[in-house]
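What the coordinates show
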Amino acid sequence: MKLDTILILDFGGQYCHLIGRRIRENNVYSEILPHDISKEEIVKIGKNREIKGIILSGGPSSVYEKNAPMAAKEVLKLPLPILGLCYGHQLLAYLMKGKVEPAKEKEYGISFATIDKAVAVFKGLERKEKIWMSHGDTVLSPPPDFEVLAHTQNCPVAAFAHKKKPIYGIQWHPEVVHTESGNKTFKNFLFDICKCQKEWKPVNLIKKLVSEIKEEVGKEKAIVALSGGIDSSVATVLAASALGKNLTAVFVDHGLLRENEARQVRETFKKFNLNFVALNEKKRFLRKLEGVKNPERKRKIIGKEFIRAFERAAKKVKANYLVQGTIYPDRIESGYAMKSEKIKTHHNVAGLPTKIRFKGIVEPLKDLYKDEVRLLAKKIGLPKEIISRQPFPGPGLAVRIIGEVTDKKLKILKKADKIVSEEIEAGKLAKNLWQYFAVLLDKKSTGVKGDKRAYGEIIAVRVVESREAMTANFARLPYQILEKISTRIVNEIPEVVRVVYDITHKPPSTIEWE
Ligand code: XMP
C-alpha cells in the first residue's frame, strides 16, 4: 500500500518545515522538495507514494526579481490539488496572469483577515480571523477564472480559489501558530480537498527502523555519535537494539558543554547495554578555537573537529559505519542548494564536512521531525531527563560566548548558566519554557563591588517560550526570579558586574546570540 503524501515545494521560506510538520501532525506524510523539481521526478516519487496534493511554500523572493524561484509549469498542470502560501500564493497569481505588485506597506506579524467566502480551504472559518503575515509583494487582482476568498486592510486578494479546479492561494501563513485557524485550513485542504487518509503514525516505525539499520550495517561494526540530545539518544537506542555489541556509542566532550552534562550523559547510558566511550577533547577544541571571533568560523571549526574525533574513535574500534541522529530538517537543509536565506550555519553532529572516511552513514531518523522523534523516545522508554532536555546547540557554549572562546570565559559562563537553570527550576517554571540560559558578552562594564569600582563582565540571560524554535517569545519571568538570578550571578561570580535580560522575540532576534 502506498502512503498518502503531500509534496511541499520549498521556495526558501523559514517556515517551510512548519508546513511539513503541520501536515504530519494531522497524520498525513509530507515531503519537502526543491521548488524547481520536474514533473518526471514527481511521477517517479509517485511510484512509491500516493501523491495527494502539492503545497507551494513561502520564501524571501519577489516574483519580479531576477532569477526569482519558479515552479515548473507542467508540475502546476498535474491533476492534483495545489495550495500556494505567501510567495506560493504570489507565484500562482503571477504565473496564471493575476496582478502582483510590491506592497505600499510591508506587512509583518499579527494581522486580521476578512473571510469573504468561508468555503473550501476556509470552510468553518469566522468572518474575521487572526492571522500571521510576513510579505513584501501583494496580489492586487486574481487571475482570470479565480475568485477572491479573503482580504485584509492592505491586501485586496489575501486568498483566492480557482472557480473550477482545486487550486488555492493564501497570502498569510496558516502554518504559524499565531494564525488561529491555521490547522483548520490545513485539515480542510488535506481531508476535504485532497481526500487524504490518516495513515502516518511514527511510533509504528520502530521495528522497521531497527531492521533497516541491521540490513545496512550487516555484521560489521558501527559507532554512533551520541550528544545526549534527544535525536542522537533515540538513534543510539535503535542502533543498539539492531547491532548489540557491534555498536559503540561515542560521546565527544568538546569542553563546551554545560556544567555536569558529560557526567549526566554517561550515567544515563550506563543503563543501556552498549559500549560507551567518552572522549575528552576539550584541549583540542579550545586550541582550534584560539583567537577565532567570527561566529560562523567558530561553528565550522567545531563541526570539523567533531567529525575528526568520530573518525579517530571509529578507527580504534574498527567501525566502518557511523550512525547519527540526523533528523528531517537537518537533511533537507543540507540536501539541496536553496534560495533560503541563510541565518546561520546550524549543525549538530549532523553538519558533517563533505569528506567523511566511513563506508556508510546510517541515519535512522532522517525522515522524522523532532516531535515525531519525541514520540519514539517515549515509546522506547528513554528517561525523562533526555526527553525533556532543553535543545542545546551542537557548538555548545561557544555560541553563547560572544567573541573568542577561552577557558576562563567558559568557567564564568558555566557558573552563570547553572545559576539560571537552578533558579528557573526552583521556581518550577521550566515546564513552560523552551530554553533558558546565560550568554557572556565581549564588552565589559563598570560596577561597584565591596565599595570599590569594579570593571567586569556582563552576563545576558535568555529565556524563551516557543513551540518549535521558528518563532519564540522572551518569557515574562516574575521579577523576583530575575532578581534572584542577577543577585546570585554577581555575588557568586566575582568577574561579573552586570546582568541583563534579553527582551527580544524571535524574529527579529534568533534564540542563540551567535
Ligand atoms: P536560533 O538561534 O537559530 O536557534 O533561533 C533555534 C534553535 O536551534 C538551536 N541551535 C542549534 N542546534 N546545532 C543545533 O543542533 C546548532 O548549530 C544550533 N544553533 C542553534 C537553538 O538552541 C534553538 O533551540
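Here we look at the side chain of Gln435
Counting through the fold element by element, Gln435 comes out in strand E15 (residues 435-449). At 2.8 Å, the side chain of Gln435 and the backbone oxygen of Pro391 are in polar contact. Within the local environment of Gln435, its side chain forms a polar contact with the side chain of Trp434, the two groups lying 3.2 Å apart. Setting aside its immediate chain neighbours within four residues, Gln435 contacts Gln390, Pro391, Arg400, Arg462, Val463, Val464, Ile511 and Glu512.

Let's talk about the environment of Glu215
Along the polypeptide, Glu215 turns up in helix H6 (residues 206-217). Sequence separation of Glu215 and Leu440 is 225 residues, and the distance between their C-alpha atoms is 47 Å.

Observations regarding the pattern of salt bridges
The full count for this structure, using the stated rule, is 29 salt bridges. The residue Arg312 makes a salt bridge to Glu281 at a minimum N-O spacing of 3.0 Å. Residue Arg312 is located in helix H10 (residues 295-317), and its partner Glu281 is located in the loop between strand E12 (275-280) and helix H9 (282-289); the two are separated by 31 residues in the primary sequence. Residue class for Arg312 comes out partly exposed when judged on its relative accessible area of 33%.

Quick notes on the domain arrangement of the protein chain
By the assigned domains, the protein chain splits into domain 1 (3-193), domain 2 (202-387) and domain 3 (406-501). The straight-line distance from the C-alpha centre of domain 1 to that of domain 3 is 41 Å. Opposite the 9 residues of domain 1 that make contact, domain 3 presents 4 residues. Around 600 Å² of area is buried between domain 1 and domain 3 when both sides are counted, 59% of it from carbon and sulfur atoms. Contact with domain 3 buries area across many residues of domain 1, yet Leu18, Arg21 and Val177 alone supply 47% of it, more than any other trio.

Parameters and conventions
Residues numbered from 1 in each chain as written. Predicted model: local features only at pLDDT ≥ 70, side-chain atom pairs only at ≥ 80, totals over all residues. Heavy atoms only, no water. Helix = DSSP H or I, 4+ residues; strand = E, 2+ residues; numbered from the N terminus. Polar contact = N/O pair within 3.5 Å; in protein donor to acceptor, adjacent residues only side chain to side chain. Contact = heavy atoms within 4.5 Å. Salt bridge = Lys/Arg side-chain N within 4 Å of Asp/Glu carboxyl O. Buried < 20%, exposed > 50% of the residue type's maximum accessible area, 1.4 Å probe, protein only. Domains from an automatic or database assignment. Buried area = accessible area lost by both parts, 1.4 Å probe.

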